[in-house]
2 protein chains.
Amino acid sequence: MTNFLTVKTAEEVLALIEGFEPLAPERVGLHGAVGRILAEAITAPESVPHFNRALMDGFAVRARDTFGASESQPALLRDGGEVKMGEACVPEGLPGNAIAIPTGAMVPAGTDSVVMIEYTSRLDSESIEVMKPVAPGENILLAGEDIQAGQPVFSTGHFLRPQDIGVLAVLGIDSVKVYCKPRVAILSTGDEIVPVSTIALPPGKIRDINSYTLAAQVLEVGAITGTIEVVGDDLDCLVAACRRALADHDVILISGGSSVGVRDLTVLALDSLAEADLLVHGVAVRPGKPTILARAGRKILWGLPGHPISAMTICRTFVLPCLYSLQGLKGKPAWKDAGAERAVLTRKLPSVHGRTDYVPVVLRETPEGLAATPVFGKSAMIGALARSDGYIVIDRHVEGLDAGAEVRVHLFHANLGR
Amino acid sequence: MTNFLTVKTAEEVLALIEGFEPLAPERVGLHGAVGRILAEAITAPESVPHFNRALMDGFAVRARDTFGASESQPALLRDGGEVKMGEACVPEGLPGNAIAIPTGAMVPAGTDSVVMIEYTSRLDSESIEVMKPVAPGENILLAGEDIQAGQPVFSTGHFLRPQDIGVLAVLGIDSVKVYCKPRVAILSTGDEIVPVSTIALPPGKIRDINSYTLAAQVLEVGAITGTIEVVGDDLDCLVAACRRALADHDVILISGGSSVGVRDLTVLALDSLAEADLLVHGVAVRPGKPTILARAGRKILWGLPGHPISAMTICRTFVLPCLYSLQGLKGKPAWKDAGAERAVLTRKLPSVHGRTDYVPVVLRETPEGLAATPVFGKSAMIGALARSDGYIVIDRHVEGLDAGAEVRVHLFHANLGR
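The residue numbers shown here count from 1 along each chain, following its written sequence. For this description, chains carry letters from A and ligands carry numbers from 1, given in the order in which they are written. Thresholds applied to this predicted model are a pLDDT of at least 70 for local features of residues and 80 or more for the giving and counting of side-chain atom pairs; totals over whole chains, interfaces and linings are not thresholded and use all residues.

Observations regarding the environment of B:V130
Residues and elements named next belong to chain B. Which entries qualify depends on this criterion: Runs of E in the DSSP output that reach at least two residues are strands. Runs of H or I that reach at least four are helices, and both are numbered from the N terminus. Here the C-beta atoms are placed from the backbone, and a residue counts as buried if at least 20 other C-beta atoms lie within 10 Å of its own, exposed if 12 or fewer do, and partly exposed otherwise.
With respect to the helices and strands, V130 occurs in strand β9 (residues 127-130). The exposure class of V130 is buried, given the 23 C-beta atoms found within 10 Å. The sequence separation of V130 and T66 amounts to 64 residues, and the corresponding C-alpha distance is 6.9 Å.

Listed below in C-alpha cells is the structure:
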C-alpha cells in the first residue's frame, strides 16, 4: 500500500476526483433519464420541426398579399380552405388566398406567414378581410429552425435536465446511454455508536447520525445507497465489513476513526486491504482535516471524520463531486458555485492561511440585504447545522474575513420551492 | 361551474396555491424522510449530548490543575486511569489527576476540561506532564449544549434536509409523520401529437414533448407521476381521460388546448366535470397567458399551454409551488429566489407593464462577471430552452430592461455539483 501522508489542498483533492474514470454505461428509457449523465454524444437524426409550423391560430397567407393592410383599408383575400391539425394533406396556398390554420398545424406550400385570427374578419363565405400586414416568416416556426438534422445536440458527460429530455423526445430518441449510478456503502464506526432505535440511551453512548446524514446527501446526486452498517472500533470487524461492501458497491464511506489517535482504524483497515492505494490522508480544510481517500481497483473508499458536521462538510465538498465524477459528469459550468446567495458577514471570522474553512451561517433579511451570521458550534453538534441555512467558504489564500465582508452563502437545498 | 374569466396576476395565482390544504399525512422511516415535509412538530425528547463529551483525544483534568503550565514549567498530574469509548463506568476525576480519554467519550465526574494529547507527555507509569493550561469547559461538549430536552426542534411544514435527518436520528426518532407525495397525471393533448417511439414522422405530426418535460419537472419536487397519456383533440376523450385520472391522482396536468381558439378543449372538458370549479383562466404572464387552474373537491387540475417552453415555464412557476403546497411546505425562506445568480444583461429586453415575463438566457463568464444573453426562441422551440442556462423574471411593474441592467438568473438545476 502506497502512502502519501502529506496534507493535500482542497483543489488537489478535487483534481484527483475529476480524474476518476466513470462507471460502466447502461441504457435507460426517457422517463428515467432526468438527472442522469450521458455516456454518448447525441446528434439530431432529423430536423425539428420537420415542416413549417403555425405558431398562432389564424390564416396562412402570402405576406405580400397583406402589404399595406389596415383597419380602415383591409386586404381582401379569398377563402382558400382549411388546414386540419396534424394532417399532411393541406390545400395549396394560391396567390390571394387565406387558408384557416390552427396553432401547431402545417403551413401550406405557397404561403409564407400566418395572420393572427384577431386581425382578420370573415366577410362572407368566400372572403376574408385582413386588417394588419404580416412579414414573411411571421408566426411560423420554419422547418429546422429549432434543431437542424445532423446538428450536435448533447455531448458525452452532459447532465440531463427536464428540457433536455424534451429535446430527446421530440427527436424520437426514446432511450439513451447514461453512466450507471454509483452504489454507495456507508459504515459508521465507533464503540459509542448505537442504533437510532435505541430507546433508553446508556451513558457514554450516542445514536448513529452519520449513516443517516450521509445516506441523505448521497441521494441528492442520484447515487444509490446499499449497505448501511454500524461497526465497532475493531480492526478485524472493520476490515471484514469493508471486504463485504467492496463486493457489491462502487464507493465505501467510513465515518469515524480517521483522526490521528488511538482509534486510527480506517487507515489500518485500508492497509489490510492489499489492493487499496491510499491517495489522500489529510486535507488542508476545516472541519475535516483527517479525511482519507483510497482506491481499490476501480472502487473508491473514503474515510470521513466522525463528527457529524465534519462528515457532512467533507461529503458535500468531496464525496458528492466524486459521485458525479463516477457518473461521468463533464463540463461543469464556470459559475459552479450555483445556488449561492450574496450576503454581508455580521462578524469577523478568523482563519489560517493555507487552509480552506467551511463555516455554517444563518441568513436574515435586513433593509440593506441579506446578513450572514456564523453558527458557532463545535463540529460534534448536529443541531447547529440544522439551525443554519447554508455555509460560506473561506479560501486558503485568505487569513480570515472581517465583519461587513461580502460573502457567498452556499444554500442547503437551493432548489427548494423554485 | 363558476367562471372567473378575468386574467389574474402571478402573485394572485401563487396566493391561491398557498391556500391549498395539504394532502393526508403518512408515517415514514428516517431513511425515506429526506426531502419530505413534516406533518407534525418535533420537540426534543432528551438532551443532546446526554452526557459531557470529549471533543479531542487527550486527558480529562480539572482546569485549575493546569493553571500556569508551559513547555518549560509543565504541570505534573497523576495518572488517574482511562475512559473507554462508549462506556458509562468511568474513573472519578480526583484533584491532581489526569484521565486518558478518546474523542467522543464521556468526561469523568470531577473533571471539567480535556487537554489535547499534543500538549501532554507521559513522564512515567504514574505521572503525566501537561504543557499548556486549559480553561474550564475546553474541548468538551456539555450535556444539552447541542439540543436541550423539551426544546422545539422542527415545526409542522418543515422541509427535511440531510442535517435535519441527523437531528431526528440523534434524538432516537426513527420515523416521522410527513405529508403524502402528490400523485400527478399528465395528459398531453392535440391531434398532432404522436408517441416518441414513432419512427417515420408523418408530415404535420410532432412527437410528444410535454409528457416528458412535465414528468421530469414534477419529479424534482418529490411528487409521483402516475398516468401519462396522449389524448386527441376530442372533448369526450379528454373528459373520459380526466375522469379516469381523477380517480387515483391528486393533480392532473393537461397540456395543449388552453388558448382561446377553436381547440379550447380544456375549459370545455372542465365544464363537463360537474364538480370542477374554475379558479383561474388566464394569468398576466408571458409565456403562458392562457393557463387554467381548477379544483374538483380536493383534486387540482391545471390547463397548461401546449408550446413546450410555455408549458415548462408555467409548470416551474405555478405547478411546482402547488405540488409543494399540497405537501404542506410552510415558511419558505425570505430569499426564496435561492439558486439565482446575478448577471449583467447583454441586450435590451422590452416588456409590458402589468405582465410578468420569463425569459430564458445563456450565461457566460466575462472579466466583469457573468453576462446573461436572452435566448430568443419562439415558445414552440424546445431546443432553445435546452441551449439556455436559466431564466430571468421581468416583474409586471417594469416596462422592460435595458442592456447593462443587473438581473437575477434562476438557474436550471442549481443544485448540480455542489
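Here's the deal with the nonpolar core
Note the following rule: The nonpolar core is taken to be a set of buried Ala, Val, Leu, Ile, Met, Phe, Trp, Tyr and Cys residues joined by way of C-beta atoms within 7 Å. Placing C-beta atoms from the backbone, we regard two residues as in contact once those atoms come within 7 Å.
One finds A:L253 and B:L253 to be the most contacted residues of the largest nonpolar core, which totals 251 residues. Residue contacts for B:L253: discarding those within four places in its chain leaves B:V184, B:I186, B:L187, B:L214, B:W302, B:L304 and B:V319.

As for the relation of the copies chain B and chain A
Short version of the rule: To line up the copies, we fit them by least squares on C-alpha atoms, keeping just the residues with pLDDT of at least 70 in both.
Each copy of the sequence occupies a distinct position, and chain B is placed on chain A by a rotation of 180 degrees and an axial shift of 0.0 Å, giving an RMSD of 0.1 Å. Taken together, the turn and the small shift mark the pair as related by a two-fold rotation axis. Most of the interface of chain B is mirrored in chain A: 100% of its interface residues are interface residues there too.

So, unusual backbone geometry
Only a minority of non-glycine residues have a phi that is not negative, and only a minority of peptide bonds are not trans. All names here are of chain A. Residue P49 follows V48 across a cis peptide bond; omega there is -15 degrees. When you line up the elements, P49 lands in the loop between β2 (42-43) and β3 (53-54). With phi around 60 degrees, N139 is a residue other than glycine that occupies positive phi space. Within the element layout of this structure, N139 appears in the loop between β9 (127-130) and β10 (140-141).

Focus on the packing of helix α1 (residues 10-18) of chain B against helix α6 (residues 308-326) of chain B
All names here are of chain B. What counts here: Helix axes use the C-alpha atoms of the stretch in contact, all axes being lines fitted to C-alpha atoms, and the angles between their N-to-C directions lie in the range 0 to 180 degrees. By definition in this entry, angles of less than 35 degrees are roughly parallel, angles greater than 145 are roughly antiparallel, angles of 65 to 115 are roughly perpendicular, and the rest are oblique. Should the near helix be turned anticlockwise from the far one by less than a right angle, the crossing is termed left-handed; should it be turned clockwise, right-handed. Classification convention: Asp, Glu, Lys, Arg as charged; Ala, Val, Leu, Ile, Met, Phe, Trp, Tyr, Cys, Pro as nonpolar; all other residues, Gly among them, as polar.
Between α1 and α6, the least distance of the axes is 9 Å, while the angle of their chain directions is 20 degrees. By the angle between their axes, α1 is roughly parallel relative to α6. In terms of crossing hand, the pair formed by α1 and α6 is right-handed. Here A10, V13, L14, I17 and E18 of α1 come into contact with α6, specifically with T317, F318, P321, C322 and S325. For the contact of α1 with α6, the class distribution of residues is 7 nonpolar, 2 polar and 1 charged.

Some thoughts on the domain arrangement of chain A
Selection rule: Residue ranges for the domains trace back to a domain assignment, done automatically or taken from a database.
Domain annotation of chain A identifies domain 1 (10-24 + 181-326), domain 2 (25-48 + 148-179), domain 3 (53-141) and domain 4 (340-411). Between the C-alpha centres of domain 1 of chain A and domain 3 of chain A the distance comes to 66 Å.

Focus: the sheet that holds strand β8 (residues 120-124) of chain A
All names here are of chain A. Filter applied, for reference: Paired strands, in this sense, are two strands between which DSSP finds at least two bridges.
Strand order across the open sheet formed by 6 strands is β7-β4-β6-β5-β9-β8, with mixed pairing between neighbours. Looking at which strands have only one partner, the edges of the open sheet turn out to be β7 (113-116) and β8. Here the strands of the sheet are splayed against their neighbours by 40 degrees on average, with no regard to which way each runs. Direction of pairing for strand β5 (residues 75-82) relative to strand β6 (residues 97-101): parallel, over a ladder of 3 bridges. Paired with D79 across the strands is A98, a residue of β6.

Overview of the sheet that holds strand β18 (residues 276-281) of chain A
Residues and elements named next belong to chain A. Strand order across the open sheet formed by 6 strands is β16-β13-β17-β21-β20-β18, with mixed pairing between neighbours. Looking at the sheet topology across the chains shown, the edges are occupied by β16 (224-231) and β18. Across this sheet, the average inter-strand angle for adjacent strands is 15 degrees, counted without regard to direction.

Remarks on the confidence of the model for chain A
Applicable threshold: By definition, pLDDT measures how confident the predictor is in each residue, and it falls between 0 and 100.
Averaged over every residue, the pLDDT of chain A is 90; the share at 70 or more is 94%. For this predicted complex, the interface confidence score (ipTM) comes to 0.91, while the overall pTM stands at 0.92.

Focus on helix α3 (residues 210-220) of chain A
When you tally the buried positions in α3(A), you get 9 out of 11 residues, the bulk of the element. Along α3(A), the residues classified as buried are A:N210, A:S211, A:Y212, A:T213, A:L214, A:A215, A:A216, A:Q217 and A:V218. Looking at the packing, one finds that the buried side of α3(A) touches β13 (183-189), β16, β17 (251-255) and α6 (308-326) of chain A together with α2 (162-170) of chain B.

Here we look at the interface of chain B and chain A
In this complex, chain B contributes 98 residues to the contact, which on the side of chain A involves 98 residues. When residues of the side of chain B that touches chain A are traced back to their parent elements, those giving at least two are α2, β15 (206-207), α3 (210-220), α6, β24 (356-366), α7 (382-386) and β28 (406-411) of chain B. For the side of chain B that touches chain A, the element with the highest residue contribution is α2(B), accounting for 8 residues. Of the residues belonging to the side of chain B that touches chain A, the class tally is 52 nonpolar, 23 polar and 23 charged.

Some thoughts on the pairing of strand β24 (residues 356-366) of chain A
All names here are of chain A. In terms of strand pairing, strand β19 (residues 285-286) meets β24 through 2 bridges, oriented parallel. Within the sheet, the bridge partner assigned to V285 lies in β24 and is T356. In this sheet, strand β26 (residues 390-394) lies alongside β24 in antiparallel orientation, the contact comprising 5 bridges. Paired with V359 across the strands is I392, a residue of β26. Sheet topology places β24 next to strand β25 (residues 369-374); 6 bridges connect them, and they run antiparallel. Residue pairing for β25: V362 is matched across the bridge by T373.

Here we look at the pairing of strand β22 (residues 340-345) of chain B
Residue and element names in this part refer to chain B. Taken together, the 5 bridges between β22 and β28 define a ladder with antiparallel strand orientation. In the sheet register, A343 faces β28, and the bridge partner there is V407. Bridge count for β22 against strand β25 (residues 369-374) is 2 bridges, and the pairing is parallel. Opposite L345, over in β25, you have A372 as the bridge partner.

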